[in-house]
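Structure at a glance
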Amino acid sequence: MDSGLTAAELTLLGLLVEQPRHGYELDAVIEERGMREWTEIGFSSIYYLLTRLRERGLIEQTEGPTSGRDKRRKVFAATAEGRRACAAGAEEAIAELRPVFPRVLVGLANQPAVDHGRVLEALERRSRALAERIAEVGRAEAAGPAVPEFVQAIFDYSLGQLRAEQEWLERYRASLGGAHRQGGEPGMAPYDVKKDLKELYAPKNTDWAVVDVPPQQFLAVDGTGNPNTAPAHARAVEALYAVAYTLKFAAKRTEGGDFVVGPLEGLWWADRPEAFTSRAKDSWNWTMMISLPPWITEADVEEARRTALAKKKLPAIGEVRRHTLHEGPSAQLLHIGPYDDEGPALHRLHHEYLPANGLRPTALHHEVYLGDPRRAAPEKLRTVVRQPVGPAREL
C-alpha cells in the first residue's frame, strides 16, 4: 500500500512522531543525525513540508515556549492519523526494494565520448569526494551524543553504501590503469599498511608470541583521561582523521602515490600501574595514532595540518604531530572481545609469558583497533595488543 508520502514528508513526520518539535529543532536533529546525507530537506523547505502535512491532517500545531523575543514558536506534533500514516510509510519503505537512479551510471554509459585521461581525472575527483563524505559521516557519528539503535543503523547503512562504492571505484580505476602506489606503477592498488605489515595488523594468534616490529611513522596526538568520556580523546581522534585524509588526498598527486588510511592505534601508560588493573581510566595517559606510509615527510604533515585546520576549524589539529616509533621485538596477540576483557591476557603476559621467556617490558603498551566499537558488537571487536620487550635484567 502506497502511503502517498514523499521521503522528505515521511522523514519530518517521523521526527514529530518521536516528539513535538518546532522548525529549528527539526533542522538541528536533521543535521545532528546526518539525515541530509539521504534526504533532500533544506531549512527553507521544512515549513513548506510542515504545511503539506498539516493540510493532510497528519500533524497539528501546538503552543510552544517563548523565544528570546517573547514570541511563542510554532510547535508541531503528529496526530493519531499521522502516527498511522508514519507507521505504514515506514514499513513500506523498509520492505520494498525500489530502483535508484545514480547519476554516475549516466556518466559511465556515456564514457566513450570522454577522453580517457579526463575519465581518470573524473574518477579521481569522485574518489576524493567519497573519502571526504565518509570522513564527514564518521565525524558526525563520533561527535554526536549516544543515539538509539535505529539511528545507529542509519549511520551504518550510509557508511556501508559509501564504502561499497569506494571499493568498487578503486577496482574500476585499477582496471583502467588509474590507481597507483609507491613508485607510480599503473594498475597497482594504493599502499595499505594492513597488507604491507600483515603480521602486525592481521595476526591470527590469540595467545602471546614475539614479533619483530620495524620502524614506523605515525600521526599522533597526546592526552590524558577516560577514552570513553574525555572530550579531549574524541577531539584527538577527529583531528587525526582530518589530517590523515588530507594527507591521503595530497599523496595521490605525488610520486609516492595513494594510500589507505590505517586503523586507529594507541599507546597507553599511567603514573601508577594499578590504574590499569583497577580500570581508573580518568588517570590514563595516551597517544592516539594513525600509521603513515614511509614516504610521507615532515613537510607533508605540516602542509596537511595547515590545510585541514583551514578547512575544518578543529583546534586539536594543531596538536597533531609526526611521531616515529621502533618497537623491535614485541609480544603480541589478537584479542577478540570487549576492551575491558583484556585483563586476563595482560596478567598472563606479565606474570607468566615474560618471566618464562626471560623477557621484560621495554616500551609503552600498544593497541591497534581493527574493529569499530560504534558498529561492531563488543564480543566481535578485534584488537591487536602489543608489548615491546627485551631481555630481563640480570639480578
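Residues numbered from 1 in each chain as written. Predicted model: local features only at pLDDT ≥ 70, side-chain atom pairs only at ≥ 80, totals over all residues. Heavy atoms only, no water.

Digging into the packing of helix H1 (residues 7–18) against helix H3 (residues 43–55)
The test is simple: To obtain an axis, a line is fitted to C-alpha atoms, over the contacting stretch when the element is a helix, and the angle between two such axes runs from 0 to 180 degrees between their N-to-C directions. Secondary structure elements are defined from DSSP: runs of H or I of at least 4 residues count as helices, runs of E of at least 2 residues count as strands, and each element is numbered from the N terminus. Throughout this description, any angle smaller than 35 degrees is read as roughly parallel, any larger than 145 degrees as roughly antiparallel, any in the 65 to 115 degree range as roughly perpendicular, and the remainder as oblique. Should any heavy atoms of two residues lie within 4.5 Å, those residues are counted as being in contact. By the convention adopted, Pro, Cys, Tyr, Trp, Phe, Met, Ile, Leu, Val and Ala count as nonpolar, Lys, Arg, Asp and Glu as charged, and the other residues, Gly among them, as polar.
It is the contact of H1 with H3, at a shortest axis distance of 10 Å, that shows an interaxial angle of 80°. Between H1 and H3, the angle is such that the two are roughly perpendicular. Residues Ala8, Glu9, Leu12, Leu13 and Leu16 of H1 touch H3, and the partners they reach there are Ile46, Leu49, Leu50, Arg52 and Leu53. Grouping the amino acids of the contact of H1 with H3 by side-chain chemistry returns eight nonpolar, no polar and two charged.

Details of the confidence of the model for the chain
What counts here: Confidence of the predictor in every single residue is expressed as pLDDT, which spans 0 to 100.
Scored by pLDDT, the chain comes out at a mean of 85, with 88% of its residues at no less than 70. Low pLDDT, under 50, characterises residues 179–184; the stretch is placed with 30 contacts to residues that sit more than four places away or in other chains.

Considerations on the pattern of salt bridges
As a reminder, the rule being used: Salt bridge criterion: a side-chain nitrogen from Lys or Arg within 4 Å of a carboxyl oxygen from Asp or Glu. The rule is simple: take the accessible area with a 1.4 Å probe, protein chains only, and divide by the maximum for that residue type; under 20% is buried, over 50% is exposed, in between is partly exposed.
Under the definition given, this model contains 16 salt bridges. Residues Lys312 and Glu132 are paired through a salt bridge, measuring 2.4 Å at the closest nitrogen-oxygen approach. Linking Lys312 in helix H12 (residues 298–312) with Glu132 in helix H6 (residues 116–143), this pair joins segments that are 180 residues apart in sequence. On the basis of relative accessibility, which here comes to 11%, the residue Glu132 falls in the buried class.

With respect to the packing of aromatic side chains
Inclusion rule: For Phe, Tyr and Trp, rings pair up if their centres lie within 6.5 Å, where Trp contributes its six-membered ring, and each pair is then called stacked (planes under 30 degrees apart), edge-to-face (over 60) or tilted (otherwise).
In total, this model carries five aromatic pairs according to the counting rule given. Residues Tyr191 and Trp295 carry aromatic rings whose centres are separated by 5.4 Å and whose planes lie at 75° to one another, so their mutual orientation is edge-to-face. Here Tyr191, found in the loop between helix H7 (149–175) and helix H8 (193–196), pairs with Trp295, found in the loop between strand S7 (285–292) and H12; they are 104 residues apart in sequence, far enough to count as distant. With a centroid separation of 5.4 Å and 75° between ring planes, the pair formed by Tyr339 and Tyr369 is classed as edge-to-face. Of the two residues, Tyr339 is situated in the loop between strand S9 (328–336) and helix H13 (343–356) and Tyr369 in strand S11 (residues 365–369); the sequence distance between them amounts to 30 residues.

Some details on the layout of surface pockets
Just so we agree on the cut-off: The way it works is a 1 Å grid over only the protein atoms, where trapped points that fit a 1.4 Å probe form a cavity and open points with protein on both sides within 12 Å along at least five of seven lines form a pocket, and then any residue with an atom within 4 Å of a point lines it. Grid points are joined across faces, edges and corners, and a volume is the space filled by probe spheres set on the points.
Computed from the structure, the second largest pocket encloses a volume of approximately 2,100 Å³. What lines the second largest pocket is a set of 44 residues, and nearest its centre among them are Ala7, Trp38, Thr39, Ala93 and Tyr157. Looking at the lining of the second largest pocket, the elements with two or more residues in it are H1, helix H4 (80–95), helix H5 (103–109), H6 and H7. A per-element tally of the lining of the second largest pocket places H7 first, with ten residues. Split into classes, the residues belonging to the lining of the second largest pocket amount to 25 nonpolar, eight polar and eleven charged.

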